[in-house]
Amino acid sequence: MGYQLERWEDMSSSEYQVTGMTCGHCEASVREEVAAVEGVQDAQVSAQTGRLVVTAVGLVDEAAVVDAVTAAGYSAVRI
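Parameters and conventions
- Residues numbered from 1 in each chain as written.
- Predicted model: local features only at pLDDT ≥ 70, side-chain atom pairs only at ≥ 80, totals over all residues.
- Heavy atoms only, no water.
- Pairing = 2+ DSSP bridges.
- Helix = DSSP H or I, 4+ residues; strand = E, 2+ residues; numbered from the N terminus.
- Axes fitted to C-alpha atoms, helices over the stretch in contact; angles between N-to-C directions.
- Contact = heavy atoms within 4.5 Å.
- Expected span 1.5 Å × (residues − 1).
- Buried < 20%, exposed > 50% of the residue type's maximum accessible area, 1.4 Å probe, protein only.
- Arc of directions from axis to C-beta.
- Core = buried A, V, L, I, M, F, W, Y, C linked by side-chain atoms within 4.5 Å.

## A short note on the sheet that holds strand β1 (residues 11-19)
Sheet strands pair via backbone hydrogen bonds, and the direction of the pair is either parallel or antiparallel. Strands sit in the order β2-β3-β1-β4 across an open sheet of 4 strands; the sheet is antiparallel. Either end of the sheet is taken by a strand with one partner, and the two such strands are β2 (40-45) and β4 (75-78). In this sheet, adjacent strand axes meet at a mean angle of 30° when their direction is disregarded. Across 5 bridges, β2 lies against strand β3 (residues 51-57) in antiparallel orientation. Bridged to Val45 within β3 is Leu52. Packing of helix α1 (residues 24-35) onto the sheet brings it into contact with β2 and β3, and relative to β2 it is tilted by some 165°.

Next up, the structure:
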């Protein structure tokens, strides 16, 4: 009620390598910034591996995700 579940086939996933993260606070900062990117439904991030997996409705602007990671204080490249 009040929200719409997206169809699985409308979802996309992309993966990024993030450098500079060392702790859970780092993960939370990246997750918060990336979650604000239009279309992003979920952002899973690991300081241990440096991986960020973004799940979105449709295609997400890669530059917007990278900019969001930069805004959190880190750098990222799509892999």
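## Regarding the pairing of β1
Pairing of β1 with β3, which is carried by 7 bridges, proceeds in the antiparallel orientation. Note that in β3 the partner of Gln17 across the bridge is Arg51. As judged from the 4 bridges shared by β1 and β4, these two strands associate in the antiparallel manner. Bridging from a neighbouring strand, Val18 pairs with Ala76 of β4.

## Concerning α1
Think of an α-helix as 3.6 residues a turn; residues three or four steps apart then line up on the same face. With 12 residues, α1 should cover 16 Å at 1.5 Å per step; its first-to-last C-alpha distance of 16 Å lies within 8% of that length. Taken residue by residue, α1 has Cys26, Glu27, Ser29, Val30 and Val34 as its buried positions. When α1 is viewed along its axis, its buried side chains cluster within an angular range of 160° and face the same direction. Along α1, exposed side chains directed more than 90 degrees from the buried face belong to His25 and Glu32. For α1, the secondary structure elements touched by its buried residues are β2, β3 and α2 (62-71).

## A word on the nonpolar core
Met21, Val30, Val34, Leu52, Val69 and Tyr74 are the most contacted members of the largest nonpolar core, which totals 21 residues. When residues of this core are traced back to their parent elements, those giving at least two are β1, α1, β2, β3 and α2. Not counting residues within four places of it along the chain, the set of residues in contact with Tyr74 comprises Val18, Thr19, Gly20, Met21, Cys26, Ser29, Val30 and Val69.

## A word on the environment of Val54
Among the structural elements, Val54 can be located in strand β3. You can call Val54 buried: its relative accessible area is 1%. For the pair Val54 and Tyr16, spaced 38 residues apart in sequence, the C-alpha to C-alpha distance is 8.2 Å. Filtering out sequence-adjacent residues up to four positions away, Val54 remains in contact with Ser12, Ser13, Ser14, Tyr16, Val34, Val40, Asp42 and Val65.

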